[in-house]
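# Examining the three-dimensional arrangement
One letter stands for each residue in the lines below.
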Amino acid sequence: MKDSRERYGSITRIFHWVMALLIVWQGMKFFDRIADGEHWVGQNLVPWHGSIGSLILLLVILRIIWALSQHNNRPLQEPATAALVKLGHFSLYACMVLIPVSGIMYLVGRGFGWKAFGVQIISGGPEIPWMATVGGTLHSPLSWIFLVVVIGHVAMAFYHHFVKKDGVMKRMV
């Protein structure tokens, strides 16, 4: 259940893979831009975008708390690349927090409120222009940055598995 120096525990792996699936689902929002969303993806997956983003925000907060509790149990990093690994993981976590927060800021700022899975979390109200501007300005660029960081994360996992053959990827599988 807990992490060890040799392998991530079941809780860490569940967080990782559930969030990976939810993030792929969120990426389907891209297809909403095709034919004004008039297709299966746009009509069936995209309407859940705000709720799934809210779930990701909750899960990343829980995941950060869990990761901090497991800090001393985590596998050691190679000294030569430890700073890059930390920067990459920090970037992943920062995006997983900031993207949903910016989406919430945009919705609340536009006066729509914040609703997740049918539960009204923040009621709609008057527009808050600065909040809508900040949220609207950050949400999409952060998503593109996140895409690049995720591609780098996956590429490094494959590099470790197929080139270095050092077992790094096996720790999370």
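Bear in mind the structure is a predicted one, so any value in this text is a computation, not a measurement.

Conventions used here
- Residues numbered from 1 in each chain as written.
- Predicted model: local features only at pLDDT ≥ 70, side-chain atom pairs only at ≥ 80, totals over all residues.
- Heavy atoms only, no water.
- Helix = DSSP H or I, 4+ residues; strand = E, 2+ residues; numbered from the N terminus.
- Expected span 1.5 Å × (residues − 1).
- Buried < 20%, exposed > 50% of the residue type's maximum accessible area, 1.4 Å probe, protein only.
- Contact = heavy atoms within 4.5 Å.
- UniProt positions renumbered as here; feature names shortened; annotations may be inferred.
- Axes fitted to C-alpha atoms, helices over the stretch in contact; angles between N-to-C directions.
- Parallel < 35°, antiparallel > 145°, perpendicular 65-115°, else oblique.
- Left-handed = near helix turned anticlockwise from the far one by under 90°.
- Nonpolar A, V, L, I, M, F, W, Y, C, P; charged D, E, K, R; others polar.
- Salt bridge = Lys/Arg side-chain N within 4 Å of Asp/Glu carboxyl O.
- Pairing = 2+ DSSP bridges.
- Core = buried A, V, L, I, M, F, W, Y, C linked by side-chain atoms within 4.5 Å.
- Lys, Arg positive; Asp, Glu negative; His and termini not counted.

To continue, consider helix α3 (residues 49-69). The terminal C-alpha atoms of α3, which comprises 21 residues, lie 30 Å apart, in line with the 30 Å expected from a rise of 1.5 Å per residue. Three or more residues of α3 are buried, namely Ser 51, Ile 52, Gly 53, Ser 54, Ile 56, Leu 57, Leu 59, Val 60, Arg 63, Trp 66 and Ala 67. In this fold, the buried residues of α3 make contact with α1 (10-27), α4 (82-109) and β1 (114-116).

In the numbering adopted here, UniProt assigns the feature "transmembrane region" (unreviewed entry) to residues 12-28, 48-69, 90-108 and 142-162. For residues 48-69, the end-to-end C-alpha separation is 31 Å, with 95% helix and 0% strand making up the annotated structure. For residues 142-162, the end-to-end C-alpha separation is 30 Å, with 100% helix and 0% strand making up the annotated structure.

Another point: the packing of α4 against helix α5 (residues 129-164). Their axes nearest at 7 Å, the elements α4 and α5 cross at an angle of 150 degrees. It follows that α4 is roughly antiparallel to α5 by the angle criterion. Helix-helix and strand crossings are classified by hand; for α4 and α5 the assignment is left-handed. Here the residues of the contact of α4 with α5 are counted per class, giving 19 nonpolar, 11 polar and no charged.

What follows concerns the pattern of salt bridges. Counted according to the given criterion, the structure contains 1 salt bridge. Residue Lys 164 pairs with Glu 78 through a salt bridge whose shortest N-O separation is 2.9 Å. Of this pair, Lys 164 sits in helix α5 while Glu 78 sits in the loop between α3 and α4, placing them 86 residues apart in sequence. The class for Lys 164 is partly exposed, based on a relative accessible area of 34%. Using a relative accessible area of 37% as the deciding quantity, one classes Glu 78 as partly exposed.

Further remarks concern the environment of Ile 11. Considering the arrangement of structural elements, one finds Ile 11 in helix α1. Along the backbone, Ile 11 and Asp 32 are 21 residues apart, and their C-alpha atoms lie at a distance of 33 Å. If near-sequence neighbours (up to four positions away) are discounted, Ile 11 is found in contact with Met 1 and Trp 66.

With that settled, consider the pairing of strand β2 (residues 119-122). If a strand is regular, its side chains alternate between the two faces of the sheet. Bridging between β1 and β2 involves 3 bridges; their strand directions are antiparallel. Along β2, the bridge assignment pairs Lys 115 with Gln 120. Adjacent in sequence and paired antiparallel, β1 and β2 are bridged by 2 residues, among which Phe 117 carries a positive phi angle near 50 degrees.

Met 19, Ile 56, Val 60, Met 96 and Phe 146 are the most contacted members of the largest nonpolar core, which totals 24 residues. Among the secondary structure elements, those contributing two or more residues to this core are α1, α3, α4, β1 and α5. It is α4 that provides the largest number of residues to this core, a total of 8 residues. Setting aside chain neighbours within four positions, we find Val 60 in contact with Met 19, Tyr 93, Met 96 and Val 97.

This brings us to the side chain of Arg 171. Structurally, the position occupied by Arg 171 is in the segment after α5. Comment: no salt bridge for buried Arg 171; closest opposite-charge side chain is Asp 166, at 6.5 Å. Sequence-distant contacts of Arg 171, defined by excluding residues within four places in its chain, comprise Glu 6, Arg 7, Tyr 8, Arg 13, Pro 75 and Leu 76.

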